[in-house]
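Examining the three-dimensional arrangement
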Amino acid sequence: MKKEDIPQDTGAFGKITKEVQYATDAAGNYTTELSKGWEVKNSANDAAWQDIEERVRIARERVLKNEVSPLLYFMELKLMDIKVLAGYTGFWSWQIRRHMKPSVFKNLSDRRLQRYAEVFEVRVDDLKNILPQ
Amino acid sequence: MKLPFEHMQAAHCENGVTTSLLRSIGIGRITEPLAFGIGSGLFFTYIPLLKVNNGPAFAFRTMPGLIFKRTCVALSVPVHREKFRSREKAQQVLDACLEAGHVVGCQVGVYYLSYFPKEYRFHFNAHNIIIYGREGDRYLISDPVMEMPTSLSAYELERVRFARGVLAPRGQLYYPEKAEPVTDEQIARGIKKGVVRNIRDMLHIPGPIVGIRGIRYTGKKIKGWRDKLGPKKAGLYLAQLVRMQEEIGTGGGGFRYIYAAFLQQAQAFHPDEALSRISDTFTRSGDLWRDAAVQAAGIYKGRIGSQDDFNRMGDYLLEIAEVEKQAFQELSKIKWRS
C-alpha cells in the first residue's frame, strides 16, 4: 500500500488515538504513517456489536419465557461465553450449564449467586428478581 | 517513581513492547519490523473447532509471547518472565521490578482496559503493555498501540493482568535483563534464523489448517459458508475474519506490510537484491488481504451476498495463498551471508 492510500476514516478507536500503519513512499521504501481508521474495519466491528445486541435481546426473551435462567442474559450482556464465565466465577463449565436451567437456578444459594453477581457487576437481587431494561 | 523511558507507538502491541523494552536496556537498533521478522511473526491458522466470541478462530501471527522471546534469544538477551497465582504477589513483584529499575512488559486482557474505547473491549487476552513507573496508586503505562502514554490504578491493572478465558495472562510479566551491545553479526544471524523459521511455519507444518495451506483451506471453506451457515451467520463469520486480520493497530493485512518492511531493512545486513523483490511480493499480499476485506465488508454490510460473491471472497484467499507460497519459496532460495 502506498502512503497516500492509507485510509483516514475515523471510527471508535480513531477518536481516542491514531494507529501506526506501514506503507511505501514514492521511492517504494517502507515508512510509517498515522491512520485514523478504516471504514472496512469500523463496519466489521459494528457487525460484531449488532450481533451482540441481537444475542442479548434473544437471551432476554428466553429468560422472560422461563426457558433459561437470567445467567444467560447477563453472560451475553458481558460478552462472555461459558468458558470465560467459568474462568471468572471459578465454577466448572458443566456447573454453569446446569445453573442456566431455571429449575436449578431458583434453588441456588445466595453464596453461589454472589459469585455470579460480582462478575456481572450487579447485586444478587438483580439476578433473582428483575431483568433490567 | 518514574523510570527513564520514552514512549514509542507501534503498529502491533508485541512488536512495540519488544522494541521498547530492548531500547530500555540500551539496544536501540531493533526496529519494529526487525523484531517482527527475527521473531518469525508472520503466520496463519484457522481452527474450525475453536470458537472465539461466538465466531471462528483465526490467527494472523504467531502465538503471543514468541516474538519477544525469539528476538531476545537471537540477541543473547536473557529474559525474566514470571506468572502468578496470587494477585498480591503479582503486584509485589511488579513493584520490586520497578524499584530495581526494570521497565516491565505485561500481558493483559482488553475487556477491562479502561482507556480503550468500549467498542474494542472484547474478551481478548493477548494484549501487551509496558509499565514504566508508579505514582501513588497509579501505574504509568506505555501502550504501544496508543499515541500517548497513559496510566491505570492498581485495581485496574490487577484486573487486566488477571483477565480470564482463552490465553489468560495470569499476571504474566517479563523484562530483558541487562545485556551486552548487539553486533551486526548477531542481527544478521537473527534475521536468517527468523526467516528460515518463518518458511517452516508457513510452508512445512503438516496438516491443512496452518500456514499457506490454512489460507487455502479457509478460502475453500468460505465458499461453502453461505449454504452451510445461511447468509447472516456467514456474514458475521467474515466480519470476524476481518476483525482478526485488522486487530487494533495492524490495519488490513498489516502484518504482511510489516514483513515487507522487515525484508527491506534486512537488506542492510544481507545485501541481496532478491530481498527487495520478495518484499514487493509481500506488499502485494498485504494489498490482496485488504481487497479481500473490502469484499467481505460488502457481504457483512448486506450490500452483496450472492453465492458468486462468496466464491469471489474465497478466490481472494486462494490467490493470497499462491502469492505467499511463491514469496516463501523464493525466500528459501536466498543464499545467506552468514
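Attention here is on the structure that accompanies the text. Nothing here was measured: the structure is a model prediction, and the numbers come from that model.

Rules used throughout
- Residues numbered from 1 in each chain as written.
- Chains lettered and ligands numbered in written order.
- Predicted model: local features only at pLDDT ≥ 70, side-chain atom pairs only at ≥ 80, totals over all residues.
- Core = buried A, V, L, I, M, F, W, Y, C linked by C-beta atoms within 7 Å.
- Buried ≥ 20, exposed ≤ 12 C-beta atoms within 10 Å, placed from the backbone.
- Helix = DSSP H or I, 4+ residues; strand = E, 2+ residues; numbered from the N terminus.
- Contact = placed C-beta atoms within 7 Å.
- Nonpolar A, V, L, I, M, F, W, Y, C, P; charged D, E, K, R; others polar.
- Pairing = 2+ DSSP bridges.
- Axes fitted to C-alpha atoms, helices over the stretch in contact; angles between N-to-C directions.
- Parallel < 35°, antiparallel > 145°, perpendicular 65-115°, else oblique.

Section: the nonpolar core
Residues and elements named next belong to chain B.
- Of all hydrophobic cores here, the largest spans 108 residues; its most connected members are Ile 131, Leu 238 and Ala 296.
- Per element, the largest residue contribution to this core is 13 residues, and it comes from helix H7 (residues 211-250).
- Beyond its immediate sequence surroundings of up to four residues, Ala 296 is in contact with Leu 238, Leu 241, Val 242 and Met 313.

Here's the deal with the interface of chain A and chain B
- Contacts between chain A and chain B engage 33 residues on the former and 41 residues on the latter.
- Among the elements that take part in the side of chain A that touches chain B, helix H1 (residues 39-64) of chain A stands out by supplying 9 residues, more than any other.
- Its residues placed into classes, the side of chain A that touches chain B shows 18 nonpolar, 8 polar and 7 charged.

Here we look at the pairing of strand E5 (residues 127-135) of chain B
All names here are of chain B.
- The pairing of strand E4 (residues 104-108) with E5 spans 5 bridges and is classified as antiparallel. Across the sheet, the residue bridging to Gly 105 is Ile 130, located in E5.
- Two elements, E5 and strand E6 (residues 138-142), share 5 bridges in a ladder whose sense is antiparallel. Following the sheet pairing, Gly 133 is matched in E6 by Leu 140.

A closer look at the packing of H1(A) against helix H2 (residues 70-77) of chain A
All names here are of chain A.
- Across the interface, H1 lies against H2 with an axial gap of 8 Å and an inter-helix angle of 170°. With respect to their mutual orientation, H1 and H2 come out roughly antiparallel. Listed contacts from H2 to Arg 55, Val 56, Ala 59, Arg 60, Arg 62 and Val 63 of H1 are Pro 70, Leu 72, Tyr 73, Glu 76 and Leu 77.
- For the contact of H1 with H2, the per-class residue count stands at 7 nonpolar, no polar and 4 charged.

By themselves, these are just geometric observations and shouldn't be taken as functional.
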